[in-house]
Amino acid sequence: MKALITGASSGIGESMAYYMKDLGYDLILTASDENRLAKVAKNIGGKIETIVCDLRYEEEVYKLYDKVKDENIDILVNNAGFGLFGDFVKTDLDRELEMIEVNIKAVHILTKLFLRDFYERDSGFILNVASSAGFMAGPHLDTYYATKNYCLKLTLGIYEELRRAKSNVHISALCPGPVDTNFNRVAKGIFKIKGANKDYVAKYGIDKMLKGKLIIIPTFKMKMTIFFQKFIPTKLLLRITYKIQKRKSL
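Residues numbered from 1 in each chain as written. Predicted model: local features only at pLDDT ≥ 70, side-chain atom pairs only at ≥ 80, totals over all residues. Heavy atoms only, no water.

Asks: Just to check I follow, could you spell out helix α8 (residues 220–229) for this structure?
Replies: Taken together, the buried positions of α8 are occupied by M222, I226 and Q229. Mapping the buried residues of α8 onto a view down its axis gives an arc of 70 degrees, with all of them on the same face. Within α8, the exposed residues directed more than 90 degrees away from the buried face are F220 and K221. Turning to α8, the residues buried within the fold contact α9 (234–246). (Buried < 20%, exposed > 50% of the residue type's maximum accessible area, 1.4 Å probe, protein only. Helix = DSSP H or I, 4+ residues; strand = E, 2+ residues; numbered from the N terminus. Arc of directions from axis to C-beta. Contact = heavy atoms within 4.5 Å.)

Asks: Hey, could you run me through the nonpolar core in this one?
Replies: By size, the foremost hydrophobic cluster in this structure holds 35 residues, and its most contacted members are L4, L55, V68, I73 and F114. Mapped onto this core, the elements with two or more residues apiece are α3 (58–68), α4 (93–121), α5 (142–164) and β6 (169–174). At nine residues, the largest contribution of residues to this core is made by α4. Setting aside anything within four residues of it in sequence, one finds I73 in contact with K2, L4, I28, V68, F114, F118 and R121. (Core = buried A, V, L, I, M, F, W, Y, C linked by side-chain atoms within 4.5 Å.)

Asks: How should I be thinking about the environment of L152 in this particular structure?
Replies: Along the polypeptide, L152 turns up in helix α5. Residue L152 is classed as buried on the basis of its relative accessible area of 1%. Counting along the chain gives 61 residues from L152 to K213, while the straight-line C-alpha distance between them is 13 Å.

Asks: Hey, could you run me through the environment of V102 in this one?
Replies: Relative to the elements of secondary structure, V102 occurs in helix α4. You can call V102 buried: its relative accessible area is 6%. Once the C-alpha coordinates of V102 and A8 are considered, the two residues, 94 residues apart in sequence, prove to be 14 Å apart. Those residues within four positions of V102 in sequence are excluded, and the remaining contacts are L55, R56, A80, G81, F82 and V107.

Asks: Looking at this structure, how should I read the side chain of T30?
Replies: In this structure, T30 sits in strand β2 (residues 26–31). Among all residues touching T30, those that are not within four sequence positions of it are L4, I5, T6, G7, A8, L37, I51 and L64.

Asks: Is there a simple way to think about the pairing of strand β4 (residues 75–78) in this case?
Replies: In the case of a regular strand, side chains alternate between the two sheet surfaces. Residues of β4 alternate between two faces, with I75 and V77 on one and L76 and N78 on the opposite face, all of them buried. Sheet topology places strand β1 (residues 2–5) next to β4; three bridges connect them, and they run parallel. Counterpart to A3 in the pairing with β4 is I75. In terms of strand pairing, β4 meets strand β5 (residues 124–129) through four bridges, oriented parallel. Paired with L76 across the two strands is I126, which belongs to β5. Chirality of the crossover, the property in question, places the unit of β4, α4 and β5 among those that are right-handed. (Pairing = 2+ DSSP bridges. Right-handed = clockwise from strand over helix to strand, strands pointing away.)

That's the geometry; what it means functionally is another story.
The structure is reproduced here in structure tokens:
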């Protein structure tokens, strides 16, 4: 069994790589940071293929697929992604467009290309790492929330198509809340509350994916948060979310 994990040089992706290696999977790990990626592979040990790939560029995404399409991959984990704190009128447009390229476009392309392969052979798993942000709007983190909405809703739609086709291909969305990773540093923010342990989130996500779970929410607290926000008026929820996100800015 072989798994491809994007964004595997740190955070949840790195933890997933360690866990899936323990489960006996052969790994193909990708990230844009060559040094960090090589360090992760060395620390995990064993035979691991690494591919340096910058998913901000469409041609790199297609090159990645072309490199591995004949390797009989069983699991695709679309984990790469980042955020950016700040009011929409002030945030850097170029950085936001890069975020859309990684969080949406790369996920879309890789999901479609691998799904076609999986569908043809009638087996395989796709895990799209979304976020609890995918269930709502996110003032002060607008673009990130919007990208995770796209990721989650794309996954849900594909799931129903596969179900109706009686396919043995499974697709899931991992939707954690705050996780203790490098997200804050990259997004230029800081959480005031402690994030979930990334190893726990990674293990929980992989285990539930392998059981065919559609929406995977790792912690009870976040499950309750997502459930109860359905009953809060939209404008009030936006005010609450803004205050929470604003406190995270550096």
